[in-house]
Amino acid sequence: MYLEHFHLTQSPFREEPDPEVFFPGARREEICQSLILDILASRPLVKLTGREGSGKTLICRVIADRLPAEYEVVYIDNPAGAFDDLLRIACLDLGLNVSAKHEGINFLQEFRTLLEERRAAKKRTVLIIDEAEKLFLATLERLVRNISEQPDTHGLSIILCGRPGLDANLEQLSAFCSNVDVQAGYTLEPLTESETRQYLRYRLHAAGVSH
């Protein structure tokens, strides 16, 4: 079962990744376990990079399934927009009750308040941003600066998933946020020929096809 608080905006023409069919080879299981340990250790920022189709979204789903119940996962896909747009989506996912008009709301303050409420209740929040290479550089900078300025991050861990372009964007910010390791994370390498055969056998077996 998926966690009830795990939200995904999904195109009707895009196949839904199934965490029940997770190929553990090619270091996928190892990386998944490492990400979960980073979250459990309260690491504020971790990245997961890889080429299109390498399995980043599926690993995000698996992480959300495996985290203990006291972790609330907010998933944001295709995060194009300003920093306030990103926080607005996160706040709404966390249950912020607002009218149709959002003018005048300080979403950063609201976000911090929501995180504090959860921390007071012995809960932690995980914000997963998929396709994070699409973040405006100014939005990414504000996100990283907010982590840098709030060492305890209000009980928040952020996972940035994206294509290799995310590395270059984070590298530009490293000088401004020296107390946050913006390059900490993992890379999903393309499958080798041998790993591809293993993957195909795994998927055929999962589909109930004998071979």
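The structure displayed is predicted, hence computed values, not measured ones. (Residues numbered from 1 in each chain as written. Predicted model: local features only at pLDDT ≥ 70, side-chain atom pairs only at ≥ 80, totals over all residues. Heavy atoms only, no water.)

Chemist: Where do I start with the overall build of the chain in this structure?
Modeler: Scanning the chain from N- to C-terminus turns up 7 helices and 5 strands. Within the span of the chain, comprising 211 residues, buried residues form 45% of the whole. A total of about 11,100 Å² of accessible surface is found on the chain, and carbon and sulfur atoms cover 51% of it. (Helix = DSSP H or I, 4+ residues; strand = E, 2+ residues; numbered from the N terminus. Buried < 20%, exposed > 50% of the residue type's maximum accessible area, 1.4 Å probe, protein only. Areas by Shrake-Rupley, 256 points an atom, 1.4 Å probe, with all protein chains shown as cover.)

Chemist: I keep staring at helix α4 (residues 107-120) and nothing clicks. Help me out?
Modeler: Side chains that are three or four residues apart share a direction in an α-helix, a result of its 3.6 residues per turn. Its 14 residues place the ends of α4 20 Å apart at the C-alpha level, agreeing with the 20 Å of an ideal helix rising 1.5 Å per residue. Taken together, the buried positions of α4 are F107, L108, F111, R112, L114, L115 and R118. In an axial view of α4, the angular spread of the buried residues amounts to 160°, which keeps them on one side of the axis. Looking at the buried side of α4, the elements it contacts are β2 (71-76), α3 (83-93), β3 (124-129), α5 (137-149) and β4 (156-162). For α4, the capping residue at the N-terminal end is N106, with a side-chain oxygen 3.2 Å from the backbone nitrogen of L108. One or two steps after α4, the chain reaches K122, where phi turns positive at roughly 65°. (Expected span 1.5 Å × (residues − 1). Arc of directions from axis to C-beta. Contact = heavy atoms within 4.5 Å. Polar contact = N/O pair within 3.5 Å; in protein donor to acceptor, adjacent residues only side chain to side chain.)

Chemist: Honestly, the packing of α3 against α4 in this entry has me stumped. Any pointers?
Modeler: Where α3 meets α4, the closest approach of the two axes is 9 Å, and the angle between their N-to-C directions is 35°. The chirality of how α3 crosses α4 is left-handed. Counting all contacts with α3, which are made through F83, D84, L87, R88, A90 and C91, the residues of α4 involved are F107, L108, E110, F111 and L114. Partitioning the contact of α3 with α4 into residue classes produces 8 nonpolar, no polar and 3 charged. (Axes fitted to C-alpha atoms, helices over the stretch in contact; angles between N-to-C directions. Left-handed = near helix turned anticlockwise from the far one by under 90°. Nonpolar A, V, L, I, M, F, W, Y, C, P; charged D, E, K, R; others polar.)

Chemist: Explanation requested: the sheet that holds strand β5 (residues 185-188) in the structure shown.
Modeler: Strand pairing within a sheet occurs via backbone hydrogen bonds; the two strands may be parallel or antiparallel. Read from one edge to the other, the open sheet built from 5 strands follows the order β2-β3-β4-β1-β5, with strand pairing classed as parallel. In this open sheet, the two strands that pair with only one neighbour each are β2 and β5. Put simply, the sheet's adjacent strands are angled 15° from each other on average, direction ignored. Here strand β1 (residues 45-50) pairs with β5 via 4 bridges, running parallel. For G50, the partnering residue across the bridge sits in β5 and is L188. (Pairing = 2+ DSSP bridges.)

Chemist: Teacher, can you tell me more about the packing of aromatic side chains here?
Modeler: Where two aromatic rings form a pair, the distance of their centres and the angle of their planes describe that pair. Per the stated rule, a full pass over the model turns up 2 aromatic pairs. Judged by centre distance (5.4 Å) and plane angle (80°), the rings of F23 and Y199 are edge-to-face. Residue F23 is found in the segment before α1 (28-40), and its partner Y199 is found in helix α7 (residues 193-206); the two are separated by 176 residues along the sequence. Where F23 meets Y202, the ring centres are 5.8 Å apart and the plane angle is 55°; that geometry is what we call tilted. Here Y202 lies in helix α7 and F23 lies in the segment before α1, a separation of 179 residues in the sequence. An aromatic cluster is defined as three or more aromatic residues linked by ring pairs; in this entry it consists of F23, Y199 and Y202. (Phe/Tyr/Trp six-rings, centres within 6.5 Å; stacked < 30°, edge-to-face > 60°.)

Chemist: When you look at the pairing of β1 in this model, what are you seeing that I'm missing?
Modeler: Along any regular strand, the residues point their side chains to alternate faces of the sheet. Along β1, 6 of the 6 residues are buried, which leaves the element largely enclosed by surrounding structure. In β1, alternate side chains face the same way, and those of L45, K47 and T49 on one face and V46, L48 and G50 on the other are all buried. Judged from the 5 bridges that link them, β1 and β4 form a sheet pairing that is parallel. Each residue of the ladder has a partner; that of K47, found in β4, is L160.

Chemist: Any chance you could explain the nonpolar core here in plain terms?
Modeler: The nonpolar side chains of a soluble globular protein tend to be buried with one another. By size, the foremost hydrophobic cluster in this structure holds 32 residues, and its most contacted members are L45, F111, I129, L140, V144, I158 and L160. When near neighbours in sequence (up to four residues on either side) are disregarded, L45 contacts V144, I147, I158, L160, V180, D181, V182 and A184. By size, the runner-up hydrophobic cluster in this structure holds 24 residues, among which are I36, V46, I63 and Y75. (Core = buried A, V, L, I, M, F, W, Y, C linked by side-chain atoms within 4.5 Å.)

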